[in-house]
Amino acid sequence: SVLLMLLRSSHAQSERTALYQQYAQQLLRTGRAYQCFCSAEELAQKRASAAGPEVAYGYDGTCRGLSETERAERVAGGESYAVRLKVPEKYAVDLEDLVYGRFSFSNDNMYDQILLKADGFPTYHLANVVDDHLMRISHVVRGREWLSSTGMHLLLYEALDWPVPQFAHLPLIVRRDGTKLSKRNADSFVSFYRDAGYRPGPLLAFICSVDEYKQGEPSEHLFTSEEVLDKVSMKGTNNVRLSHDELTTFQSHHLRNLLASPSPSRDAIVEDFRVAMRSAVADRTLSDVPDERWSDGYLVEVLKELTLRDEILQKCAEVGTYFILEPVLSEEHFSNPMFSSLSTNHWATLCDSLESVEDWTSANIMACIKTIQKQSKKPLKTVMTAMRLCLMGAESGCGVAPVAALIGKASTLSRLRRYDAQLQFG
């Protein structure tokens, strides 16, 4: 029934201010909280004059000692105030956290925190306790950064005479530099990874097996939802560092495994790639593109090559359009020194030799290129870069021979000879 209530109800804290104010007033009436009339400027000055930046500032209790008469007069005079929790002078409580074990809190490491701000809006400390109680939450599972504040939350449960739920503080998924993911940054949302092209299976597997991955042993297994439930535990206490580069590499590893054999997962990947590729070449004329270049078989082989460079699907489509259409080359491409170091005869000999290759495989194509390269006495890098510019429109990318094998002999020779007149060799 609680789950149904959560699914059917909207719980926006900004729409529940009257509720939080009600419980703040209850705490004032019972003496478990007090009005604080200190302005933001006064508090900033107190913070600035504290012992030093390395010392956390705790409220000095200026308004805690005000008499009831003075409080009433200032409230009646229309002076704005915040509501602060009144921490007992002698207070101690123990917490048995489901992850980190026993923790002890006392007034020595607590101070009178603000519960309700002067604008009438609650802080997290009041809102989370009120919301969890009213929604009958039995287990509070949250990040371990809240562990140090739990003593104050336990005090609030006691002050409101409410039963205390069980607490489990979990280690965090943090960025590579150790900073935590924040809702203020896009990469803390699943939608960020979905829109960036990360697949659900590899993303889930990465999170589930990140420890093995750090040891250089990425899991071969994509977990089902049921397997994830079996794998989840509350035993670990170390934060997980999430690197987008490592996640991309991890996804490429899994994509290559999925592409190896037919499956519904592979079909879904190919369809997504087809859509992304059509979008990437939408500004080009597609009438001359052979139908087989949109086929599942062809796109699978294209993806096998592209994912060797640790790319995600959207990136594969963006950089791999040359598998569908001839690249558009400019004068800037032909000013590359790799071209000027070759002679017209070398280029013509290369094209003629490639045309004579009968079994058009990657291995045979590479053997032919190396033969002509040795005859020309030019560095292999020079020949390969010139070919890559003509075939792919870039100096770096997939291997020249695999690309030539995939796009076919006719397309390869067309691309190499199409610009022959524009290449000012020797």
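Residues numbered from 1 in each chain as written. Predicted model: local features only at pLDDT ≥ 70, side-chain atom pairs only at ≥ 80, totals over all residues. Heavy atoms only, no water.

S.K.: I would appreciate a short explanation of the overall build of the protein in the present structure.
M.R.: The number of helices and strands found in the protein is 21 helices and nine strands. Taking all 426 residues of the protein together, the buried fraction comes to 42%. Of the roughly 23,000 Å² of accessible surface on the protein, 51% is carried by carbon and sulfur atoms. (Helix = DSSP H or I, 4+ residues; strand = E, 2+ residues; numbered from the N terminus. Buried < 20%, exposed > 50% of the residue type's maximum accessible area, 1.4 Å probe, protein only. Areas by Shrake-Rupley, 256 points an atom, 1.4 Å probe, with all protein chains shown as cover.)

S.K.: Explain the confidence of the model for the protein to me, please; I cannot follow it from the model alone.
M.R.: Detailed reading of the predicted coordinates is not advisable wherever pLDDT is low. Across the protein, the average pLDDT comes to 84, with 86% of residues at or above 70. Here residues 1-8 is a poorly scored stretch, pLDDT under 50, and it has six contacts once near neighbours within four places are set aside; other chains count. (pLDDT = per-residue confidence, 0-100. Contact = heavy atoms within 4.5 Å.)

S.K.: Would you mind showing me how to read the pattern of salt bridges here?
M.R.: If the charged atoms of two oppositely charged side chains come close together, the side chains can form a pair. Counted by the stated rule, this structure contains 16 salt bridges. Two residues, Arg417 and Glu355, come together in a salt bridge whose shortest N-O distance is 3.1 Å. On the criterion of sequence distance, the pair formed by Arg417 in helix α21 (residues 409-418) and Glu355 in helix α17 (residues 344-355) is long-range, its members being 62 residues apart. (Salt bridge = Lys/Arg side-chain N within 4 Å of Asp/Glu carboxyl O.)

S.K.: Is there a simple way to explain the layout of surface pockets in this structure?
M.R.: Summary: where empty space remains is shown by rolling a probe the size of a single water molecule over the atoms. Its boundaries defined by the atoms lining it, the largest pocket holds a volume of some 1,400 Å³. Along the wall of the largest pocket there are 33 residues; nearest its centre are Leu170, Pro171, Leu172, Ile173 and Val240. Counting residues per element, the ones that place at least two in the lining of the largest pocket are β6 (139-143), α8 (200-208), α9 (210-214) and α10 (225-231). Here the lining of the largest pocket is built from residues that sort into 15 nonpolar, nine polar and nine charged. A volume near 250 Å³ is recorded for the second largest pocket. (1 Å grid on protein atoms, 1.4 Å probe; cavity = no way out; pocket = protein on both sides within 12 Å on 5 of 7 lines; lining within 4 Å. Points joined across faces, edges and corners; volume = space filled by probe spheres on them. Nonpolar A, V, L, I, M, F, W, Y, C, P; charged D, E, K, R; others polar.)

S.K.: Is there a simple way to explain the pairing of strand β3 (residues 92-97) in this structure?
M.R.: Across six bridges, β3 lies against strand β4 (residues 101-106) in antiparallel orientation. Within β4, the position partnered with Glu96 by the bridge is Arg102. Counting the residues between successive antiparallel strands, the hairpin from β3 to β4 contains three residues. (Pairing = 2+ DSSP bridges.)

S.K.: Teacher, can you tell me more about the sheet that holds strand β5 (residues 114-116) here?
M.R.: Remark on secondary structure: sheet strands pair via backbone hydrogen bonds, oriented parallel or antiparallel. Pairing is antiparallel across the open sheet formed by three strands, whose spatial order is β1-β2-β5. Looking at strand neighbours, the two that pair on one side only are β1 (33-36) and β5, the edges of this open sheet. Adjacent strand axes in the sheet meet at a mean angle of 45° when their direction is disregarded. Sheet analysis places strand β2 (residues 82-85) next to β5, joined by two bridges and oriented antiparallel. Looking at the pairing, Val83 lines up with Leu116 of β5. (Axes fitted to C-alpha atoms, helices over the stretch in contact; angles between N-to-C directions.)

S.K.: Would you take a moment to explain helix α5 (residues 124-134) for this structure?
M.R.: For an α-helix, the turn length of 3.6 residues means that residues three or four places apart are oriented alike. Extensive coverage of α5 is indicated by the burial of eight of its eleven residues. Within α5, the full set of buried residues consists of His125, Leu126, Ala127, Asn128, Val129, Val130, Asp131 and Asp132. Summarising the contacts, the buried residues of α5 are in contact with α2 (17-29), β5, β6 and α6 (150-159). In the stretch just after α5, Arg136 is the one whose phi turns positive, near 55°.

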